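Structural features, examined
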Amino acid sequence: MYDYIIIGGGIVGASTAWQLIRRYPNRKILLLEKEQRLAQHQTGRNSGVIHSGIYYEPGSLKADYCKAGVEATIEFCQANDIPFEQCGKLLVATNKAEHERMLALFERARINGVDVELLDAPALGRLEPNVTGIGAIRVATTGIVDYGKISDRMVRLFADAGGEVRLDAHVTGLQERADAVKIEVNDGRQQEETRFLVCCGGLMADRLARMQGIAIAFEIIPYRGEYYCLPDHRSDIVSHLIYPIPDPDLPFLGVHLTRMIDGTTTVGPNAVQGWKREGYGQFNFSITDTASMLTFPGFWKVTGSNLKTGLHETWNSLWKPGYLKQVQKYCPTLQLSDLKPHPTGVRAQAVMRDGALVHDFLFAETARSLHVCNAPSPAATASIPIGEHIVQRVVTASELT
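Everything in this summary refers to the structure shown in the same document. (Residues numbered from 1 in each chain as written. Predicted model: local features only at pLDDT ≥ 70, side-chain atom pairs only at ≥ 80, totals over all residues. Heavy atoms only, no water.)

**Some words on the pairing of strand β1 (residues 2–7)**
With six of six residues buried, β1 is to be regarded as a mostly interior element. Note: β1 against strand β12 (residues 190–199), five bridges, orientation parallel. Within the sheet, the bridge partner assigned to isoleucine 7 lies in β12 and is cysteine 199. The parallel pair β1 and strand β2 (residues 29–32), bridged by helix α1 (residues 11–23), forms a crossover whose chirality is right-handed. (Buried < 20%, exposed > 50% of the residue type's maximum accessible area, 1.4 Å probe, protein only. Helix = DSSP H or I, 4+ residues; strand = E, 2+ residues; numbered from the N terminus. Pairing = 2+ DSSP bridges. Right-handed = clockwise from strand over helix to strand, strands pointing away.)

**Observations concerning the sheet that holds strand β8 (residues 143–145)**
Within a beta sheet, neighbouring strands are joined by backbone hydrogen bonds and run either parallel or antiparallel to one another. If you trace the three strands from one edge of the open sheet to the other, you get β3-β8-β4, paired in antiparallel fashion. Looking along the sheet, the strands with just one partner apiece sit at the ends: β3 (49–50) and β4 (84–85). Strand direction decides the pairing type here: β4 and β8, joined by two bridges, are antiparallel. Of the residues in β8, the one forming a bridge with phenylalanine 84 is valine 145.

**With respect to the state of the cysteines**
Here is the idea: a disulfide is a covalent bond, and it sits between the sulfur atoms of two cysteines. Tallied over the full model, the rule gives zero disulfides. Here cysteine 77 stays unpaired: no disulfide links it, and the sulfur of cysteine 87, its closest cysteine neighbor, is 13 Å away. (Disulfide = S-S within 2.5 Å.)

**Remarks on the nonpolar core**
Grouped together as the largest cluster of nonpolar side chains are 45 residues, with contacts concentrated most on Ile6, Leu20, Ile150, Met154, Ile386, Ile390 and Val394. Among the elements of the structure, β1, α1, β2, α2 (61–79), α5 (147–160), β12, β22 (369–374) and α11 (383–399) are those that each provide at least two residues to this core. Residues in contact with isoleucine 6, not counting those within four places in the same chain, are Gly13, Thr16, Ala17, Leu20, Ile29, Leu30, Leu31, Leu32, Val198 and Cys200. One finds Ala123, Val255, Val267 and Val327 within the second-largest nonpolar core, a separate group that totals 22 residues. (Core = buried A, V, L, I, M, F, W, Y, C linked by side-chain atoms within 4.5 Å. Contact = heavy atoms within 4.5 Å.)

**Considering the side chain of glutamine 19**
Of note, glutamine 19 is situated in helix α1. Glutamine 19 has contacts with Ser383, Ile384, Gly387, Glu388 and Val391, leaving out every residue within four places of it along the chain.

**Here we look at helix α9 (residues 307–318)**
Helical periodicity: at 3.6 residues per turn, an α-helix aligns residues three or four positions apart in one direction. The terminal C-alpha atoms of α9, which comprises 12 residues, lie 16 Å apart, in line with the 16 Å expected from a rise of 1.5 Å per residue. Every buried residue belonging to α9 is among Glu313, Asn316 and Ser317, and all of these are buried. Looking down the long axis of α9, one finds its buried residues gathered within 105° of arc, a one-sided arrangement. Exposed side of α9, more than 90 degrees from the buried face: Lys308, Leu311 and Leu318 are the residues found there. (Expected span 1.5 Å × (residues − 1). Arc of directions from axis to C-beta.)

**A few points about α11**
For α11, built from 17 residues, the straight-helix expectation of 24 Å at 1.5 Å per residue is met to within 8% by its first-to-last C-alpha distance of 24 Å. Most of α11 is tucked away: 12 of the 17 residues are buried. All of the buried residues in α11 are Ser383, Ile384, Pro385, Ile386, Gly387, His389, Ile390, Val391, Val394, Val395, Ala397 and Ser398.

**A look at the pairing of strand β15 (residues 241–244)**
In the case of a regular strand, side chains alternate between the two sheet surfaces. A two-sided burial pattern is seen for β15, the buried positions comprising Leu241 and Tyr243 on one face and Ile242 and Pro244 on the other. Here four bridges tie strand β5 (residues 89–93) to β15, and the two strands are oriented parallel to one another. Looking at β15, one finds that valine 92 is bridged to proline 244.

**A few points about the pattern of salt bridges**
Evaluation of the coordinates by the stated rule reveals 21 salt bridges. A salt bridge links glutamate 35 to lysine 34; the nearest nitrogen and oxygen atoms lie 2.9 Å apart. Overall, glutamate 35 belongs to the partly exposed group, its relative accessible area being 21%. A relative accessible area of 26% places lysine 34 in the partly exposed class. A salt bridge links glutamate 278 to lysine 34; the shortest N-O distance between them is 2.9 Å. Taken together, the positions of glutamate 278 in the loop between β18 (272–273) and α7 (287–294) and lysine 34 in the loop between β2 and β3 put the pair 244 residues apart, joining distant regions of the chain. For glutamate 278, a relative accessible area of 22% translates into the label partly exposed. Salt bridges sharing common partners tie together Asp206, Arg210, Glu219 and Arg277. (Salt bridge = Lys/Arg side-chain N within 4 Å of Asp/Glu carboxyl O.)

**Focus on the packing of α1 against α5**
At a minimum axis distance of 8 Å, the contact between α1 and α5 shows a crossing angle of 30°. Overall, the two elements α1 and α5 adopt an arrangement that is roughly parallel. Relative to α5, the crossing made by α1 is left-handed. Where α1 abuts α5, its residues Ile11, Ala14, Ser15, Ala17, Trp18 and Ile21 lie against Tyr147, Ile150, Ser151, Met154, Val155, Leu157 and Phe158. In the contact of α1 with α5, the residues fall into 11 nonpolar, two polar and no charged. (Axes fitted to C-alpha atoms, helices over the stretch in contact; angles between N-to-C directions. Parallel < 35°, antiparallel > 145°, perpendicular 65-115°, else oblique. Left-handed = near helix turned anticlockwise from the far one by under 90°. Nonpolar A, V, L, I, M, F, W, Y, C, P; charged D, E, K, R; others polar.)

This is how it looks when you write it as structure tokens:
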């Protein structure tokens, strides 16, 4: 019998496991991950950005935890010799409508306590000669890192402190009793029990909740984020991260130029409908995942309300010049030959039955479990304060049982 079992070896699960064993060094704790390596999904397939907290609704968990997460992430990297760089970010407005949204975003950033600076076109040009716009917001604290390395280090610290890690452990059954949660692994080939369960399932968060019999009103809808990579001779085209001004009604930030910690520069991601939750190849389709979406009312409602945007994203996904045009708005010197293949990611977006997108963190609880149902960006940046939050909720809940 374990005291705690954590399902999910992404960065949120890794942070939770590490901080839980720091809180309870003498308790028996197990981390289960269904893949043969850690951080194989959202954690290992994102832009690697240490976000500043500029975008998020003041007072939301995302806003509070992102700002705290920047400092915590940098401190963790410094303490564990993990490379990072605070290269800064520019959010570039290219027309009047974007400029108005930029000013509103600037005010939100100030409310959230983010260090920001407004730039006019000449100032933007001096900072980034290859970038064109009528104005920009400069966010000096934004950085870059490899979140897979952070996850690996957290899990190593967890294991060194006495925690147990089990890879290739696919959870196929959950049953809660009055005194414990029974966990079936790999179709019953292994059975485990725990006094308290924490699920950090990412793309499978809703299925794990339903597997345990929890009534939920949301579904995870996958959205593919497709990237390109610039050739080596163009990787220094910018010195900052370059973002467009986002549409406040959408949870996606738009196609951007990202300097990666390994020295490469990526272009992306877009946001296109996925038909397979863990579909990273060129052609991806799952009957199970597609049927689940098509029978969920929220899918049709969110698709209908964002149909124009969805069709536009799909077209640009299929037609490379359309994708390029989104970047040429602010970096006109890029050409089709500059867009080289790069691995794709899939975003787990929680959608309610009425079609509402869940923009903040979402949890589901029972007497002996806590499920992290939605951990949207900036979950990687904020993984340490999120882990602290989860541990505190676990401590409170487990003390009552």
